[in-house]
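Residue-level structural notes
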Amino acid sequence: RRKLKVDFSVTETVSKAADFGAIVKSIADRIRSYYAVRSMVNRRIDVTAGPSVFMPLGSYADYLNPSCGGMASLTFAGIFGSGVSAYAESGVNRFFPKSRRYSGFMQLFTVCGPSLRLNPLNPLLISVRAGAGFVWTRSRYDVDGRYGPEGFDYRTRWFINPCGAVETEAALHIYDRWMLTMSGGYMVIPDRARSGRLFFLGAGLKTLL
């Protein structure tokens, strides 16, 4: 025996004088729209981009204020089966230091890994991701802590660290191949001295290819 699953149902209550042809057309249009949206949100490739806010935690919170930036991701659905996808994500943020001994702090990062993609409701996609990658940090900082006649003696340094991130994204279909997204995640950036941690929130648009 095969189990039958109902994807979608339509119920109409009409008067005896209603136009039967118009009712049937209305029901058919609603069913067609349902499956058109379902087919769209389950496409295999999607691209997401939008602004983000990064909030420092742990040792980062001692000398950095929250920052604004942006993130973009590319997802290939169904790589490791029907529900498991692969994703790659890049972002940039610029922090405003609390201490005068730092005059600038900017990061570029890239992570990739598996993503569990769910479609619990017809217009909604939920993605749960975990990835690893690298962070490039540009830090402009004081060398010796001495405040002279011309202020601090600042130096600029680029350095690279590994990072790991987990993230959850919710995407709502709005029109054709476009979806509105909201996401939140947590990133750990270990280094030689102490690990930095970031909590990030983002919003943006997703296009389905």
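The structure we're discussing is the one just above.
Parameters at a glance
- Residues numbered from 1 in each chain as written.
- Predicted model: local features only at pLDDT ≥ 70, side-chain atom pairs only at ≥ 80, totals over all residues.
- Heavy atoms only, no water.
- Buried < 20%, exposed > 50% of the residue type's maximum accessible area, 1.4 Å probe, protein only.
- Helix = DSSP H or I, 4+ residues; strand = E, 2+ residues; numbered from the N terminus.
- Pairing = 2+ DSSP bridges.
- Salt bridge = Lys/Arg side-chain N within 4 Å of Asp/Glu carboxyl O.
- Axes fitted to C-alpha atoms, helices over the stretch in contact; angles between N-to-C directions.

**Brief notes about the pairing of strand β7 (residues 178–189)**
Side chains of β7 alternate between two faces, with Met 179, Thr 181, Ser 183, Gly 185, Met 187 and Ile 189 buried and Trp 178, Leu 180, Met 182, Gly 184, Tyr 186 and Val 188 left unburied. Across 11 bridges, strand β6 (residues 154–175) lies against β7 in antiparallel orientation. By the bridge assignment for β7, Leu 172 is matched with Leu 180. Remark: two residues form the turn of the hairpin made by β6 and β7, two consecutive strands paired antiparallel; Asp 176 in that turn has positive phi of roughly 50°. Pairing analysis gives 12 bridges linking β7 to strand β8 (residues 196–208), with the strands arranged antiparallel. Across the sheet, Gly 184 pairs through a bridge with Leu 201, a residue of β8.

**A closer look at the pattern of salt bridges**
Pairing is possible between side chains of opposite charge, provided their charged atoms come close. Taken as a whole and assessed by the stated rule, the structure comprises six salt bridges. In this structure, Asp 46 engages Lys 206 in a salt bridge whose closest nitrogen and oxygen atoms are separated by 3.1 Å. Separated by 160 residues along the polypeptide, Asp 46 in strand β1 (residues 45–58) and Lys 206 in strand β8 bring together distant segments of the chain. By the burial criterion, Asp 46 is buried, and Lys 206 matches it. The network of salt bridges with shared partners includes Asp 46, Glu 89, Arg 117, Arg 129, Glu 167, Glu 169 and Lys 206.

**A look at the sheet that holds strand β3 (residues 84–95)**
Reading around the circumference, β1-β2-β3-β4-β5-β6-β7-β8 is the order of the eight strands in this closed barrel, with antiparallel pairing throughout. Averaged over all adjacent pairs, the angle separating strand axes in this sheet is 25°, with direction ignored. When β1 meets β8, the two strands line up antiparallel, connected through 11 bridges. What sits directly across from Ser 52, in β8, is Gly 202.

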